[in-house]
Amino acid sequence: MIPFLDLKKINLRHEKALMDGVHKVLHSGWYILGSNVKAFENEFAEYCGTQYCVGVANGLDALELIIRGYDIGAGDEVIVPSNTYIASILSISANGATPVLVEPDLLTYNLDTSKIEEHITSRTKAILVVHLYGQSCDMNPIREIADRYGLKIIEDCAQAHGALYDDKRVGNLGDAAAFSFYPGKNLGALGDGGAITTNDEGLYNQLMALRNYGSHKKYENLYKGYNSRLDELQAPILSEKLKWLEQDNERRREIATYYSGHIINSEVTLPTVLHDPESHVWHVFVVRVKERNHFMEYMNRNDVQTMIHYPIPPHRQEAYKEWGDHEYPISEQIHAEVVSLPISPVMEMKDIKRVVEVVNEYRTD
Ligand SMILES: *Cc1c(COP(=O)(O)O)cnc(C)c1O
């Protein structure tokens, strides 16, 4: 079986360096918010091109803390794509604000910027953009709308570490950005982890306290905060893996380019790159197939593992049953047809060729 993603193989490339990191923390005797978290925050801010980075417990917390930091809550609305991973939407609900779903563009799967403005009301406070599947949203029109209406731009970069837009990295394209270091992401820890990047000094100072019980100084609490800290033990692991991120993303691009150039089957719609091909980091390689179950069974029979990102749209989830009668036809079509093919920095050429061969031989009957 060609695995969808071989995480063990990805991490074992760095076994010695990762174990050295664990050893360093173990011997330091300091296990929460120590020098390793600080060092990683500095490195990651530098990588993204922002002034600040705050390490937090996971990607959902990163989003939730940004919204809290901007004081967006009950009675406020936040614009968010209707086809994202549920966490983007949960972060708005968790603050008591209302998520306003906007349909994506069927070509890029990212927010359709021409549909944003019609959803803006006097309650709208922010646009939460999601750089889905590894490709940046089209930020110039979004920035123009946000400026015109005085809205914050919050980026969900959980799938796009290192992606570019006009030579700037995601994480540095809005007011504040959330990253996840869930193990399967392009930059993944050996457990949960997350970060916020921003150039907003006021927000940064507030977030440094909010993630730590609302405290800047031990036993003095400025805010009703959270416990959401990046684990000290994950920090040296992330620092080591950050050194390889560019190379890993480049390898993902090579595989995506090979797939795009060699998959030829009228039943299979290939992904579209909006800008410069060097800007996409291919967290997943998503194709669309009308008879998806049939296709996935066929791939499985031929020993190729595939996945769906994601099978159920947020407005059809039990958790959001209040949206049951809303219609988002593009989002529904995407959720019904998308399939992700194997892609990872450790995939071998023979497996890449085999995936192409199997996809090209697929027939509906
Ligand atoms: C993974 C992911 C998240 C959540 O990250 P966690 O670290 O698992 O909380 C948020 N948004 C998107 C788009 C994601 O893919």
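Since this is a predicted model, take the numbers as computed values, not measurements.

A. Region of the structure containing the site of the ligand. In the vicinity of the ligand lie 13 residues, with Gly59, Asp156, Gln159, Ser180 and Lys185 positioned nearest. Measuring from an oxygen atom of the ligand, one finds a backbone N or O atom of Leu60 at 2.9 Å. Within the side chain of Asp156, one N or O atom sits 2.7 Å away from a nitrogen atom of the ligand. Within the complex, 91% of the 380 Å² of free accessible area of the ligand lies under protein. Listing elements by their share of the shell around the ligand, those giving two or more residues are helix 4 (59–69) and helix 5 (86–93).

B. Representation of unusual backbone geometry in the model. For the bond from His309 to Tyr310, the omega torsion is 15 degrees, close enough to zero to count as cis. Take Tyr310: it is sitting in the loop between helix 9 (292–301) and helix 10 (329–337). Positioned with a positive phi, Asp166 is a non-glycine residue whose angle comes to about 50 degrees. Along the chain, Asp166 turns up in the loop between strand 6 (164–165) and strand 7 (168–169). Classification of Asp166 by relative accessible area gives exposed; the value is 54%.

C. Examining the pattern of salt bridges more closely. Applying the stated criterion across every chain, the model contains 23 salt bridges. For Arg148, the salt bridge identified is with Glu144, shortest N-O distance 2.8 Å. Here Arg148 pairs with Glu144, and both are found in helix 6 (residues 139–149), just 4 residues apart, close to one helical turn. The residue Glu337 makes a salt bridge to Arg288 at a minimum N-O spacing of 3.1 Å. With Glu337 in helix 10 and Arg288 in strand 13 (residues 285–289), this residue pair connects regions lying 49 residues apart in the sequence. When salt bridges that share partners are traced, they join Lys9, Glu348, Lys350 and Asp351 into one network.

D. Main features of the sheet that holds strand 3 (residues 98–102). With mixed pairing, the 7 strands of this open sheet are ordered in space as 1-9-8-5-4-2-3. One side of each edge strand has no neighbouring strand; the edge strands of this open sheet are strand 1 (52–56) and strand 3. Going from strand to strand, the sheet's axes swing by 25 degrees on average, the running direction of each strand aside. For strand 2 (residues 77–81) and strand 3, the ladder comprises 5 bridges, and the chain directions are parallel. Bridge pairing links Pro81 to Val102 in strand 3.

E. Focus on the pairing of strand 5 (residues 152–156). The buried fraction of strand 5 amounts to 4 of the 5 residues, a majority that puts the element mostly inside the structure. Where strand 4 (residues 124–130) and strand 5 come together, 5 bridges link them in parallel fashion. Bridging across to strand 5, Val129 finds its partner in Glu155. One crossover worth recording links strand 4 to the parallel strand 5 by way of helix 6, and it is right-handed. Across 3 bridges, strand 5 lies against strand 8 (residues 176–180) in parallel orientation. Looking at the pairing, Ile154 lines up with Ala176 of strand 8.

F. Just the pairing of strand 8, in detail. Here strand 8 lies mainly inside the structure; 5 of its 5 residues are buried. Burial along strand 8 is two-sided: Ala176, Ala178 and Ser180 and Ala177 and Phe179, pointing in opposite directions, are all buried. Both strand 8 and strand 9 (residues 194–198) contribute to a ladder of 5 bridges, which runs antiparallel. Paired with Ala176 across the strands is Thr198, a residue of strand 9.

G. Highlighting the sheet that holds strand 14 (residues 338–341). The strand order 12-13-14 describes an open sheet built from 3 strands, whose pairing is antiparallel. Two strands lie at the open edges of the sheet, namely strand 12 (268–269) and strand 14, each paired on one side alone. In terms of strand pairing, strand 13 meets strand 14 through 4 bridges, oriented antiparallel. Residue pairing in the sheet places Arg288 in a bridge with Val338 of strand 14. With respect to the sheet, helix 10 is in contact with strand 13 and strand 14, its orientation differing from that of strand 14 by roughly 45 degrees.

H. Structural view of the packing of helix 2 (residues 15–28) against helix 8 (residues 234–262). The geometry of helix 2 relative to helix 8 is characterised by a closest axis approach of 8 Å and an angle of 150 degrees between their N-to-C directions. In terms of orientation, helix 2 and helix 8 fall into the roughly antiparallel class. Relative to helix 8, the crossing made by helix 2 is right-handed. The segment helix 2 lies against helix 8, with Ala17, Leu18, Gly21, Val22, Lys24 and Val25 engaging Pro236, Ile237, Glu240 and Lys241. Broken down by class, the residue content of the contact of helix 2 with helix 8 amounts to 6 nonpolar, 1 polar and 3 charged.

I. Representation of the environment of Arg354 in the model. Among the secondary structure elements, Arg354 is positioned in helix 11 (residues 349–360). A sequence separation of 52 residues divides Arg354 from Asn302, and the C-alpha atoms of the two residues are 9.5 Å apart. Arg354 has contacts with Ile2 and Asn302, leaving out every residue within four places of it along the chain.

Cut-offs and rules
- Residues numbered from 1 in each chain as written.
- Predicted model: local features only at pLDDT ≥ 70, side-chain atom pairs only at ≥ 80, totals over all residues.
- Heavy atoms only, no water.
- Near = heavy atom within 4 Å.
- Polar contact = N/O pair within 3.5 Å; in protein donor to acceptor, adjacent residues only side chain to side chain.
- Areas by Shrake-Rupley, 256 points an atom, 1.4 Å probe, with all protein chains shown as cover.
- Helix = DSSP H or I, 4+ residues; strand = E, 2+ residues; numbered from the N terminus.
- Buried < 20%, exposed > 50% of the residue type's maximum accessible area, 1.4 Å probe, protein only.
- Salt bridge = Lys/Arg side-chain N within 4 Å of Asp/Glu carboxyl O.
- Pairing = 2+ DSSP bridges.
- Axes fitted to C-alpha atoms, helices over the stretch in contact; angles between N-to-C directions.
- Right-handed = clockwise from strand over helix to strand, strands pointing away.
- Contact = heavy atoms within 4.5 Å.
- Parallel < 35°, antiparallel > 145°, perpendicular 65-115°, else oblique.
- Left-handed = near helix turned anticlockwise from the far one by under 90°.
- Nonpolar A, V, L, I, M, F, W, Y, C, P; charged D, E, K, R; others polar.

Read these as spatial facts, not as claims about activity.
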